[in-house]
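Residue-level structural notes
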Amino acid sequence: MKQNRFIIFTLCLVLCASMAFAQGTTSTLTGTVTSEGRGLPGVSVTIASPAMQGTRTTVTADNGAYTFPGIPPGSYTVTFELEGMQRVTKSVNVRLAQVERVDASMALGAIAEAITVTAAAPTVLETTTISRNFTGEIVDKLPVARTIRDTVLLAPGVSSSGVNAQITISGAPSHDNLFLVNGVVVNENLRGQPHNLFIEDAIQETSVLTGAVSAEYGRFTGGVVSTITKSGGNQFSGSFRDSLTNPDWRKKTPHPTEADHLDDISETYEATLGGYIMRDRLWFFGAGRLIEQTIQRFTTFTNIPYVFGNDEKRYEAKLTGQITPKHNAVVSYLEVANDQTNQGFLNIVDLNTVTDRSLPNDLMSLRYSGIFGTNFLLEANFSEKNFTFEKSGGKDTSRINGTWLYDLSRGVFANAPVFCGVCTTGEERNNDAFVAKASYFLSTGMGTHNIVGGVEDFSETRKSNNFQSASQFEMFLGGGHIVGDTWFPRFDTGTTFRYRPIFELSPGTDFQTQSVFLNDRWDINNNWSANLGVRFDKNDGHDASGNLISDDSEISPRLGLIYDLQGNGRHRFNFSYGTYVSKIADGNVGGSGQAAGNPSLFSWTYRGPAINPTGTPANELISTREAMAMVFAWFESIGGIANRNAADGYLGSFIAGFTTIFPESISSPAVDEIVLGYGTQIGRSGYVRVDAVNREWKNFYAGRLNLSTGRSTDPEGIQSDLAHTINEDSETFREYEGIQLYGIWRPGRFNIGGGYTWSELKGNDDGEGAGTATIRNLPLATWYPEYLSYAQRRPSGFLGQDQTHRARVWVGYELPTPVGNFNLSVLQRYDSGAPYSAVGNIDASGRIVAFPGLISNPGYVRNQLGTSHNYFFSERGAFRTEDEHGTDVSINYTLPIRRVNLFLNTGIRNIFDQDSVVNPNTTNIRTRRQSGAGSGLIAFNPFSPLSSLIECPQGAAAAQCSAMGAHWQKGTTFGQPVGISSYQIPLEYSFTVGLRF
């Protein structure tokens, strides 16, 4: 199948002569040559750079315009020559994935040569795209980790407010951005975060696109991050560094239970080497990274210290070759071997939940570019990325030791690791892509056009057998007890008991997106320019059982306009409108109807004697595994997994593949965007740009299950309510409004820069989870509406990713001395608090906790209804965490010794040791469902007005709650720090030593 797709797209390449490429690996240099204010045709323009093999030459058009598409980023010398005219030479830094402009004015006479250091206007003012660029050299001096993640977080419009502190861009879900390394998609398939397929010292630069993105990019609704690594050259260069960290170099947080930190130095070794095999013909670059790291972590609530071990090796190799002076090829490969010990899944309260695993990862890219004539460039790229989870999950398959428990009141796991590390050989998450693109420069009487067109074939697959635990059992508890550093489970009628077998193993999914795009950057005159783009994406998605998920298509316009007030680049206004379309998500959406690899579900309510009920004295509490032995003994006494008797607590079941269907092809989520902006140049190289961004999402993933969707019967004769996976927009919305401000200024030895974001993200889009990113929304009117259409299940308000204010500002100063060169850089961070809500779990089904007004079952099996449902006792986003602010400092010292530069770096994070509570407990809301009969709380009809519900004062005893007739209560830890991870990272030191040549 892949071979056929490759042949088809190759034919398209030949027939259309207008193709796509590995986006984000090259740049464009353009400009206009004038004489006495008029465009000068016939000028020979030549560019040369250490980043490029050989030179490239073109000739200006009738209006004096020229362009060089598809060039590698780097420092360039641009030479303008015409017989009888004075030769002009200019120097410019061309940034990754940017359009750089170099204009020239030529005069008569050829005696003298004019030299100008920089181009006329900063790159970011040349296009409607909201972009930021960070070179490896700049990032190396700032007090940040040199990773893609920390680099991206320097840009406005970007935050770590997503689920599990994941990256979100311009209000999009954290899984819905596009990350590229050397043009290869490095997103993890489900959660969408970038894999660490890089070596820090090998990174040349990173570009971040947060709005008004060109039609060349697709499969996202957030932003695009493109990173490129170094490529060797006509001179040998390299580096070696040793980065040192130690848990003992971090101060303690204010939490009283924090233990003394481990005194153990971890070293990260990096090395790079680049050069030539044949000058201007064949370059090589190689890099390696080795770390044997120990990171001290603490369990949640119980604050037990443990050591997470990370043994990781990374290797990179790249060859850059010039086939002929007009044809080039690049081959790159990067591999990661990663073994981890004591890895915990999300929040854990004991050390039985940690496990060891391996995470091998690699990417390969083969790229070609060729110049035909003077104005036509053709590029093509094939890439492949592979990632595997090996032995990730529990290793003990016994019921007592292999079953995890989940405390609903605290949001923590206990007793055993999540997933199974021995049930199958591992989980694979891979992608491959063929991309090709053509660029053509056209000069007309109505200005000049830089036209880019192409096709792209992207394929993603996941081979996963999603065993939820090693024993295939799991338990959800209303709560538990904590005594010192020990958690004790509470088993009562609030406990749900689940058996999750997989009856059919997965051969892998097949999700493809085939795209065609056309983008025209049209420079109309000195005052006006436009971006006219359109993209067409077609999905062809099949799940692991072979079911068709999507064969939809979508057209995405990308339109922009720039007005240059004075025609000299000093003051520019920009407007853009665009639509971005995501890919079809795998996992809980794309795989929701498949039998292969999905666990089935059989569930019971525990009806045995209460174990560790509320009010049990500490000295009488029964340990977790003793209590579990009692629970399983009860379970076997009623017949075990063969029991289907509701009187014994059987809640229902469903067999994977027989409970959910796709009644029709689903469409990819999309977002409409409008941008208004202004930018101004400061001096020769400084600028400030501000953009107002508005985004509204559509085509939400959703589930429909009502009396009209019917039932299904599986091979065992078990009937289930049948759900439909659909798109739904009438009840779900997500809207982002933001102002993104960014600027750079470099007076003398100073380097000043930074950005600020004001934003609001509102809606009721619940389509993102902690475990598997993209999930289906369950609108009030479409999912068991007779039970679950109460308003407080999905109210609108501030979404969890909302962050009103966010700022990053830095100042660097260079100080050369006779004994070496010093650089001092200071970074100031500010993040306003994140929203959270008072959300408790109730049983709207009434099967565990009955309540007045409970309806009679209108005809459902209720196997997908569940017994634990969200209820918002506050407005969505009614509470906020504390603001986080901190000052980070780095001191860099370099000692030149001939061609070798020795360097030493000291990094100090949070130098003033701020201790804001940024991750308080947000789940400790007590209801009758969560806390049981002993809580004194009263069950209520969820359709009752919110104003009629009575809140029991925080900390009041069960008898007081009962006397008040209260329905809910904030737990004593709600909104409070519950452990070391509740605080921002305190004062911390790190050191680096190395050499470069």
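Residues numbered from 1 in each chain as written. Predicted model: local features only at pLDDT ≥ 70, side-chain atom pairs only at ≥ 80, totals over all residues. Heavy atoms only, no water.

Once that is clear, we can look at the confidence of the model for the chain. Of the residues in the chain, 96% reach a pLDDT of 70 or more, and the chain-wide mean stands at 92. Counting interchain partners and residues more than four positions distant, the pLDDT-below-50 stretch residues 1-22 has 56 contacts. (pLDDT = per-residue confidence, 0-100. Contact = heavy atoms within 4.5 Å.)

Attention now goes to unusual backbone geometry. Of note in the backbone geometry, Ala165 takes a positive phi value of approximately 60° without being a glycine. Relative to the elements of secondary structure, Ala165 occurs in the loop between strand S12 (158-159) and strand S13 (168-169). Positive phi values are uncommon outside glycine, yet Asn182 reaches one of about 55°. Considering the arrangement of structural elements, one finds Asn182 in the loop between strand S14 (178-181) and strand S15 (184-185). (Helix = DSSP H or I, 4+ residues; strand = E, 2+ residues; numbered from the N terminus.)

Among the nonpolar cores identified, the biggest contains 30 residues, and Phe134, Val158 and Trp810 are the most heavily contacted of them. Counting 27 residues, the second-largest nonpolar core is a separate cluster that includes Val349, Phe497, Trp634 and Ile718. (Core = buried A, V, L, I, M, F, W, Y, C linked by side-chain atoms within 4.5 Å. Buried < 20%, exposed > 50% of the residue type's maximum accessible area, 1.4 Å probe, protein only.)

So, on to the state of the cysteines. In this structure the tally under the stated criterion is 2 disulfides. Sulfur-sulfur distance for the disulfide between Cys420 and Cys423 comes to 2.0 Å. With the S-S dihedral at roughly 90°, the linkage between Cys420 and Cys423 falls on the right-handed side. Note on Cys420: relative accessible area 12%, which makes it buried. You can call Cys423 partly exposed: its relative accessible area is 29%. Each sulfur of the disulfide joining Cys952 and Cys961 lies 2.2 Å from the other. (Disulfide = S-S within 2.5 Å.)

With that out of the way, let us pick up the packing of aromatic side chains. Counting across every chain of the model gives 47 aromatic pairs. Pairing Tyr784 with Tyr860 gives two aromatic rings, centres 4.9 Å apart and planes at 70°, and the pair type is edge-to-face. Of this pair, Tyr784 sits in the loop between strand S51 (773-774) and helix H6 (785-788) while Tyr860 sits in the loop between strand S56 (839-842) and strand S57 (869-872), and the two are 76 residues apart along the sequence. In terms of burial, Tyr784 and Tyr860 fall into one category: buried. Ring pairing ties together the aromatic residues Phe473, Phe491, Phe497, Tyr499, Phe602, Trp604, Tyr606, Phe632, Trp634, Phe635 and Tyr650, which thus form one cluster. Its end group placed over the ring of Phe458, Arg219 keeps NZ or CZ at 4.0 Å from the ring centre. In this structure, Arg734 packs its charged tip against the face of Trp697, placed 5.5 Å from the ring centre. (Phe/Tyr/Trp six-rings, centres within 6.5 Å; stacked < 30°, edge-to-face > 60°. Lys NZ or Arg CZ within 6 Å of the ring centre and 35° of its normal.)

For the rest of this paragraph, the subject is the environment of Val185. Checked against the element boundaries, Val185 lands in strand S15. For the pair formed by Val185 and Leu363, sequence separation is 178 residues and the distance between their alpha carbons is 9.0 Å. The contact partners of Val185, leaving out residues within four places of it in the chain, are Leu178, Phe179, Leu180, Arg219, Lys385, Asn431 and Phe458.

As for its placement among the helices and strands, Ser159 is situated in strand S12. Among the residues examined, Ser159 registers a relative accessible area of 7% and is labelled buried. Through-space distance from the C-alpha of Ser159 to that of Gly840 is 27 Å; in sequence the pair is 681 residues apart. Apart from the residues within four sequence positions on either side, Ser159 is in contact with Leu153, Gln166, Ile167, Thr168, Gln803 and Arg806.

To continue, consider the pattern of salt bridges. Counting across every chain of the model gives 50 salt bridges. Notably, a salt bridge pairs Glu216 with Lys437, separated by 2.9 Å at the nearest N-O pair. Of this pair, Glu216 sits in the loop between strand S16 (203-211) and strand S17 (224-229) while Lys437 is found in strand S28 (residues 427-444), placing the two residues 221 residues apart along the sequence. Note on accessibility: Glu216 and Lys437 belong to one class, buried. One continuous salt-bridge network, built from bridges that share partners, spans Arg101, Asp103, Glu126, Arg521, Asp523, Asp564 and Arg572. (Salt bridge = Lys/Arg side-chain N within 4 Å of Asp/Glu carboxyl O.)

With that out of the way, let us pick up helix H5 (residues 624-637). End to end, H5 covers 20 Å across 14 residues, agreeing with the expected 20 Å (1.5 Å per residue, within 8%). For H5, the full list of buried residues reads Thr624, Ala627, Met628, Val631, Phe632, Trp634 and Phe635. All buried residues of H5 fall inside an arc of 155° around its axis, so they share one side. In H5, those exposed residues whose orientation departs by more than 90 degrees from the buried face are Glu626 and Ser637. Those residues of H5 hidden inside the fold are in contact with helix H4 (399-402), strand S26 (404-407), strand S30 (473-477), strand S32 (486-489), strand S33 (496-499) and strand S39 (601-605). Positive backbone phi, at 110°, marks Gly639, one or two positions downstream of H5. (Expected span 1.5 Å × (residues − 1). Arc of directions from axis to C-beta.)

Now for empty space enclosed by the protein. The gaps of empty space that remain are located by a probe, the size of a water molecule, rolled over the atoms. Taken as a whole, this structure holds 9 cavities of 30 Å³ or more when the rule is applied. Here the second largest cavity is characterised by a volume of approximately 590 Å³. Lining the second largest cavity are 35 residues, with Thr28, Ala97, Val99, Ser214 and Glu216 sitting closest to its centre. Looking at the lining of the second largest cavity residue by residue, the classes come out as 12 nonpolar, 20 polar and 3 charged. (1 Å grid on protein atoms, 1.4 Å probe; cavity = no way out; pocket = protein on both sides within 12 Å on 5 of 7 lines; lining within 4 Å. Points joined across faces, edges and corners; volume = space filled by probe spheres on them. Nonpolar A, V, L, I, M, F, W, Y, C, P; charged D, E, K, R; others polar.)

Let us now look at the pairing of strand S53 (residues 805-817). Inspection of the sheet shows strand S49 (residues 750-763) paired to S53 by 9 bridges, in the antiparallel sense. Its bridge partner lying in S53, Trp758 is registered against His805. Hairpin connection, S53 to strand S54 (residues 820-831): the antiparallel pair is bridged by 2 residues. (Pairing = 2+ DSSP bridges.)

Pairing within the open sheet is mixed, and its 3 strands lie in the order S41-S47-S44. With partners counted over all chains shown, the strands left at the sheet margins are strand S41 (660-661) and strand S44 (700-704), one partner each. Relative to strand S47 (residues 723-728), S44 is paired through 5 bridges, and the arrangement is antiparallel. Bridging from a neighbouring strand, Gly703 pairs with Thr725 of S47.

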